[in-house]
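Next come the chains, spelled out residue by residue.
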Amino acid sequence: MTKPIFVLNGPNLNRLGMREPEVYGRTTLAEIEAMCRDAAGDRPIRFHQSNIEGEIVNWVHEAIDEGAGILINPAGLSFISIPVLDALKMFPGPIVELHISNIHRREEIYHRSLVSKVATGVIAGLGAEGYPLAIRWLMHQVDQ
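Per chain, residue numbering runs from 1 following the sequence as it is written. In keeping with the model being predicted, local features are shown solely for residues with a pLDDT of at least 70 and side-chain atom pairs are shown and tallied solely at 80 or more, while totals for entire chains, interfaces and linings include all residues. Side-chain metrics rest on all non-hydrogen atoms present in the structure, leaving aside hydrogens and water.

**Student:** Now, about the UniProt feature "active site" (unreviewed entry) in the chain: what can you tell me, with residues and values included?
**Tutor:** UniProt positions are given in the numbering used here, feature names are shortened, and annotations may be inferred rather than shown by experiment. Feature annotation in UniProt assigns "active site" (unreviewed entry) to the following positions: Tyr-24 and His-99. The greatest C-alpha distance among the annotated residues, which extend across 76 residues, is 9.3 Å, indicating that they converge on a single site. Within the secondary structure layout, Tyr-24 lies in helix α1 (residues 21–24). In this structure, Tyr-24 is in contact with Leu-16, Arg-19, Ile-100, Ser-101 and Arg-106, ignoring residues within four places of it in sequence. There is a polar contact of 3.4 Å between the side chain of Tyr-24 and the side chain of Arg-19. Secondary structure elements follow DSSP: runs of H or I no shorter than four residues count as helices, runs of E no shorter than two count as strands, and numbering proceeds from the N terminus. The topology assignment puts His-99 in strand β4 (residues 95–99). When near neighbours in sequence (up to four residues on either side) are disregarded, His-99 contacts Asn-73, Pro-74, Ala-75, Ser-78, Ser-113, Ile-123, Ala-124, Gly-125 and Leu-126. Think of a polar contact as two N or O atoms within 3.5 Å of one another; within protein, one of them needs to be a possible hydrogen donor and the other a possible acceptor, and neighboring residues in sequence only count if both atoms come from side chains. One polar contact links His-99 to Glu-97, side chain to side chain, over a distance of 2.7 Å. We call two residues in contact when some of their heavy atoms are within 4.5 Å.

So, in structure tokens, the structure goes:
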């Protein structure tokens, strides 16, 4: 049985398409989910979003037990969440951290992601199109 790729989305990403479209674009999270599933083909995807830190930690724990790779857009938790960082440290497979906007071109508070310290790779600033790129890369890594 093929292990799934977990796609985890943090706080406020449920508001994509409406939230600051000049920064995050007009693509909705449902459209991003469809893009991820298309990119994955037959590989199962577990796609989640939560505004609650503990739920994201629980999904990382599920991925530790059942997942092949993690694509995580931790959103605002990137810069403050030791629990998410600690959970990701336990994951044995590849992790891609993704940000829709280029966090390095934004206010300084967004420049230091804790998640980057454990991510295998980081995608920032490619908009919603970064998601299928990350899915394809993860599939290549886990299928070797």
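**Student:** Any chance you could break down helix α4 (residues 82–89) for me, citing the residues and the numbers?
**Tutor:** Burial in α4 covers these residues: Val-84, Leu-85, Ala-87 and Leu-88. Mapping the buried residues of α4 onto a view down its axis gives an arc of 165°, with all of them on the same face. Summarising the contacts, the buried residues of α4 are in contact with α3 (53–66), β3 (69–73) and β4. The distance from a side-chain oxygen at the start of α4 to the backbone nitrogen of Val-84 is 3.0 Å, and the residue carrying that oxygen is Ser-81. Exposure categories follow from relative accessible area, calculated using a 1.4 Å probe and restricted to protein chains: below 20% of the type maximum is buried, above 50% is exposed, and the middle band is partly exposed. Within this analysis, the arc is defined by the directions that extend from the helix axis to the C-beta atoms.

**Student:** Can you break down helix α2 (residues 29–40) residue by residue, with the values?
**Tutor:** With 12 residues, α2 ought to run about 16 Å at 1.5 Å a step, and its terminal C-alpha atoms sit 16 Å apart, in line with that. If you check which residues of α2 are buried, you get Leu-29, Ile-32, Cys-36, Ala-39 and Ala-40. Buried residues of α2, viewed axially, fall in a sector of 100°; they line one side. Projecting away from the buried face of α2 at angles above 90 degrees are the exposed residues Ala-30 and Asp-38. Along its buried surface, α2 packs onto β1 (5–9), β2 (45–49) and α5 (130–142). Looking one or two places after α2, you find Gly-41, whose phi comes out positive at around 60°. Expected span of a helix, by definition, is 1.5 Å for each gap between consecutive residues, and there is one gap fewer than residues.

**Student:** Lay out the UniProt feature "binding site: substrate" (unreviewed entry) in the chain with the relevant residues and their values.
**Tutor:** Feature annotation in UniProt places "binding site: substrate" (unreviewed entry) on Asn-73, Asp-86, Ile-100 and Ser-101, given in this structure's numbering. The greatest C-alpha distance among the annotated residues, which extend across 29 residues, is 24.3 Å, indicating that they are dispersed rather than converging on a single site. When its relative accessible area of 3% is taken as the criterion, Asn-73 is described as buried. Discounting chain neighbours no more than four positions away, the residues touching Asn-73 are Leu-8, Asn-9, Gly-10, Leu-13, Leu-98, His-99, Ile-100 and Tyr-131. Only 3.1 Å separates the side chain of Asn-73 from the backbone nitrogen of Ala-75, close enough to count as a polar contact. Secondary-structure assignment places Ser-101 in the loop between β4 and β5 (121–124). The contacts of Ser-101, once residues within four sequence positions are left out, are Val-23, Tyr-24, Arg-106, Ala-124 and Gly-125.

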